[in-house]
Each structure stands twice: as structure tokens, then as C-alpha cells.
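Structural characterization, general
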Amino acid sequence: MSDDRLASVAELLADPYARSILAAASEAPVDAATLADRLEADLSTVYRRLEALEEHDLVRSTVKPRSDGHHYSVYRTRLRRVTVDLEDGEYHVAVEREPSTDPADRLTDLFEEIR
């Protein structure tokens, strides 16, 4: 993991809203409005954190249809574990993610590993 990416993930994980979102979305898929209620946060704050968490592939969104023909997104935590090792003066960070059960997501993950 590059130093810039490490700093971004560390900063994100230091944020109490991001940590609360990760914890809530690890129990079951949850929508942004529910997260905002649970965290007693503005919806815009929750969406900003979700965007950053998705950017680092720590949560994944899924679009769900509603009975009125509209749709909404639910979020599920992918983060399983972060480990930091210090060896010979260098930090090595590993982010372990939950494997996806969605075939399209699995193909995307495989492609990302190859790149």
C-alpha cells in the first residue's frame, strides 16, 4: 500500500463517523438514512463518509428496488481486518476484506488483483 493510500485509510479509520458506519454496516446491509438516524448525524455527513469508505473498498453498496418503482442503496462493510507490521524500518499495511458473494463483484475483485 502506498504511503498516500495508507495515510488516507488511517485518516478515514480515525474518523468516529466512519468507524460507526463500518460497525453498523458489518451487522447487516443498511441504508444511509438509517445510518444517519443511528449516528445522529446529518445525512450529508453520512454520504461523505460512505463515499470515502467505498473509494477505499471498505464498504460496498447494492441497489435495492422499492415497491413504488424507485430504488435506494444499502451498504455492507467489506473490511475484515487491518494489520500494520514494522520490519527493518518499513511499515507494511494489509487490508483484508470480506469476499463478495455477488458474481459481478467477484469478477471486479479478481480484475483489481490482476492489475
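In this report, we go over the structure that sits alongside the text.

What counts, and where the lines are drawn
- Here the residue numbers are simple positions, counted from 1 along each chain's written sequence.
- Note on the predicted model: pLDDT of at least 70 is required for a residue's local features to be given, and 80 or more for side-chain atom pairs to be given and counted; whole-chain, interface and lining totals, by contrast, use all residues.
- To obtain the side-chain values, all non-hydrogen atoms of the structure were included, while hydrogens and water were left out.
- Under the scheme used here, helices are H or I runs from DSSP no shorter than 4 residues and strands are E runs no shorter than 2 residues, and both carry numbers assigned from the N terminus.
- Classification of residues uses two cut-offs on accessible area relative to the type maximum, computed with a 1.4 Å probe and protein chains only: under 20% is buried, over 50% is exposed, and between them is partly exposed.
- By definition in these notes, contact holds between two residues if any of their heavy atoms fall within 4.5 Å.
- Accessible areas in this description were obtained via Shrake-Rupley with a 1.4 Å probe; residue shielding takes into account the shown protein chains only.
- A pair of strands counts as paired when DSSP detects no fewer than two bridges linking them.
- Lines fitted to C-alpha atoms define the axes here, with helix axes fitted over just the stretch in contact, and angles between the N-to-C directions of these axes take values from 0 to 180 degrees.
- The nonpolar core is taken to be a set of buried Ala, Val, Leu, Ile, Met, Phe, Trp, Tyr and Cys residues, with the residues joined through side-chain atoms within 4.5 Å.

Bringing the overall build of the chain into the picture now. When its secondary structure is counted, the chain shows five helices and five strands. By residue count, 28% of the 115 residues in the chain fall in the buried class. Considering only contacts in the chain between residues 6 or more positions apart, those separated by 24 or more positions represent 42%. Counting every atom, the chain has about 8,000 Å² of accessible surface; 48% of that belongs to carbon and sulfur.

Once that is clear, we can look at the sheet that holds strand 2 (residues 59-65). The antiparallel open sheet is built from three strands, whose spatial order is 1-3-2. Each edge of the open sheet carries a strand with a single partner, namely strand 1 (30-31) and strand 2. Of the strand pairs in this sheet, strand 2 and strand 3 (residues 71-77) are connected by seven bridges, and their pairing is antiparallel. Residue pairing for strand 3: threonine 62 is matched across the bridge by valine 74. Each of strand 2 and strand 3 is contacted by helix 4 (residues 43-55), which is oriented at about 115° to strand 2, the strand it contacts most.

Core analysis: the largest hydrophobic core is formed by 19 residues, its most contacted members being Ile21, Leu35, Val46, Leu50, Leu53, Leu58 and Val59. Of all the secondary structure elements, the ones that give two or more residues to this core are helix 2 (16-27), helix 3 (32-39) and helix 4. A total of five residues in this core trace back to one element, the largest contributor, which is helix 2. Other than its neighbours up to four places away in sequence, isoleucine 21 contacts Leu35, Leu39, Val46, Arg49, Leu50, Leu53 and Thr77.

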